[in-house]
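Chain by chain, the residues:
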Amino acid sequence: EETYNKIPIARIPIMIKSIKCNLYGKQNESIQNTECEMDPGGYFIIKGKERVLITQERVSYNTVFVFGQKPQSKHKHVAEIRSMSEETGHSIMIQAKILPNGEGLCFSLPYITQEIPAGIVFKAIGYSKDDEIRKILMESSINKSFVQDIIQESKIIETQEEALTYVGKFAMHVIPKEKREIYAKQMFSNELFPHLGTTCGILTK
């Protein structure tokens, strides 16, 4: 065995005026060393340049936040959630948006460039009948006229396959028509609220 002493394995910057700094507790001496006596410290010098640590805030994961929009905005309210998957460690932002007149609801989905009407999203995840959508929404105490507006927006779509193809049409990348359904199904399976699990496949009734 051989022992090696004082081998550098890393360089760690020292905060100015911290207890490990050469200027710590030497106010008078620091002036003689061309340091400003009013310098409070609290920063680092990296390659001759001053650097500071800046805190960053982020929205809590897996919590729904609702924000009111300005009168001239495209939407009246926006609800969003940053969904974090414990399985994969990735997070996805999903938004639900209410139109200014309160007569429509749409979703902003991951990897989809256009907002998708809520009724079509319900059909894409397996609720293809109007009565099924109505039952889900009425359980949330939403007024009947609003529910009817959501259902009316999805009248152009009748089956789950049609809904998936419709969503896949607005993929971020050009997807052949015959593969749009598969693309949308994978998106819903892996990216729609991943904190609920990504291994169970597309949500169905």
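Residues numbered from 1 in each chain as written. Predicted model: local features only at pLDDT ≥ 70, side-chain atom pairs only at ≥ 80, totals over all residues. Heavy atoms only, no water.

Some words on the overall build of the chain
Here's step 1: Summing up its helical and strand segments, the chain has 6 helices and 7 strands in all.
Here's step 2: Its helices and strands taken in sequence order, the chain reads α-β-β-β-β-β-β-β-α-α-α-α-α from the N to the C terminus.
Here's step 3: On C-alpha atoms alone, the chain measures out to a radius of gyration of 28 Å, which is more than a quarter above the 17 Å that the 2.2 N^0.38 rule sets for 205 residues.
Here's step 4: Looking at the chain as a whole, 32% of its 205 residues are labelled buried.
Here's step 5: Here the analysis covers contacts within the chain between residues at least 6 apart in sequence; of these, 44% occur between residues at least 24 apart.
Here's step 6: Here the chain has roughly 14500 Å² of accessible surface; of this, 52% comes from carbon and sulfur atoms.
Here's step 7: Distance between charge centres in the chain, computed from 26 positive and 25 negative side chains, equals 3 Å. (Helix = DSSP H or I, 4+ residues; strand = E, 2+ residues; numbered from the N terminus. Rg over C-alpha atoms; globule rule 2.2 N^0.38 Å. Buried < 20%, exposed > 50% of the residue type's maximum accessible area, 1.4 Å probe, protein only. Contact = heavy atoms within 4.5 Å. Areas by Shrake-Rupley, 256 points an atom, 1.4 Å probe, with all protein chains shown as cover. Lys, Arg positive; Asp, Glu negative; His and termini not counted. Charge placed at Lys NZ, Arg CZ, Asp CG, Glu CD.)

Some points on the nonpolar core
Here's step 1: Of all hydrophobic cores here, the largest spans 34 residues; its most connected members are L109, I112, I116, I120, V167 and F188.
Here's step 2: If you tally residues by element for this core, the top one is helix α2 (residues 118–124), at 5 residues.
Here's step 3: Not counting residues up to four positions away in its chain, the partners in contact with I112 are V167, F170, A171, M172, Y183 and M187. (Core = buried A, V, L, I, M, F, W, Y, C linked by side-chain atoms within 4.5 Å.)

Examining the pattern of salt bridges
Here's step 1: Across all of its chains, the model carries 5 salt bridges by this definition.
Here's step 2: The partner of K74 in a salt bridge is E115, and the shortest N-O contact between them spans 3.8 Å. Of this pair, K74 sits in the loop between β3 (64–68) and β4 (77–84) while E115 sits in the loop between β6 (105–108) and β7 (116–117); the two residues are 41 residues apart in sequence, bridging distant segments of the chain.
Here's step 3: Judged by its relative accessible area of 61%, K74 is exposed.
Here's step 4: Notably, a salt bridge pairs K97 with E115, separated by 2.9 Å at the nearest N-O pair. One end of the pair, K97, is in strand β5 (residues 91–98); the other, E115, is in the loop between β6 and β7, with 18 residues separating them in the sequence. (Salt bridge = Lys/Arg side-chain N within 4 Å of Asp/Glu carboxyl O.)

Structural notes on a nonpolar patch on the surface
Here's step 1: On the surface, Y4, I7 and I9 cluster together to form a nonpolar patch covering roughly 420 Å² of accessible area.
Here's step 2: Structurally, the position occupied by Y4 is in the segment before α1 (27–32). (Patch = residues over 30% accessible without salt bridge, like charges linked within 9 Å, V, L, I, M, F, W, Y side chains within 5 Å.)

Here's the deal with the packing of helix α5 (residues 160–168) against helix α6 (residues 180–191)
Here's step 1: In contact at an axis separation of 7 Å, α5 and α6 are set at 90° when each is read in the N-to-C sense. The angle between α5 and α6 places the two elements in the roughly perpendicular class. On α6, the residues touching E161, L164, T165, V167 and G168 of α5 are R180, E181, Y183, A184, K185, M187 and F188. (Axes fitted to C-alpha atoms, helices over the stretch in contact; angles between N-to-C directions. Parallel < 35°, antiparallel > 145°, perpendicular 65-115°, else oblique.)

Overview of the sheet that holds β5
Here's step 1: Sheet architecture is open: 5 strands sit in the order β3-β4-β5-β6-β7, paired in antiparallel fashion. The sheet terminates laterally at β3 and β7, the two strands that pair on one side only. (Pairing = 2+ DSSP bridges.)

So, the packing of helix α3 (residues 130–138) against helix α4 (residues 144–153)
Here's step 1: α4 packs onto α3 with a crossing angle of 140° between their chain directions and a minimal axis gap of 10 Å. Considering only the axes of α3 and α4, their crossing is right-handed. On the side of α3, the interface is formed by D130, I133, R134, L137 and M138, while α4 contributes K144, V147, Q148, I150 and I151.
Here's step 2: Classifying every residue of the contact of α3 with α4 by side-chain character gives 6 nonpolar, 1 polar and 3 charged. (Left-handed = near helix turned anticlockwise from the far one by under 90°. Nonpolar A, V, L, I, M, F, W, Y, C, P; charged D, E, K, R; others polar.)

A look at the packing of aromatic side chains
Two descriptors summarise a pair of aromatic rings, namely the distance from one centre to the other and the angle between the planes of the rings.
Here's step 1: For the structure shown, the criterion picks out 2 aromatic pairs.
Here's step 2: Residues F65 and F67 carry aromatic rings whose centres are separated by 6.5 Å and whose planes lie at 20° to one another, so their mutual orientation is stacked.
Here's step 3: For F67, a relative accessible area of 36% puts it in the partly exposed group.
Here's step 4: Geometrically, the ring pair formed by Y166 and F170 is edge-to-face, given 5.2 Å between the ring centres and 75° between the ring planes. Of the two residues examined, Y166 and F170, each falls in the buried class. (Phe/Tyr/Trp six-rings, centres within 6.5 Å; stacked < 30°, edge-to-face > 60°.)

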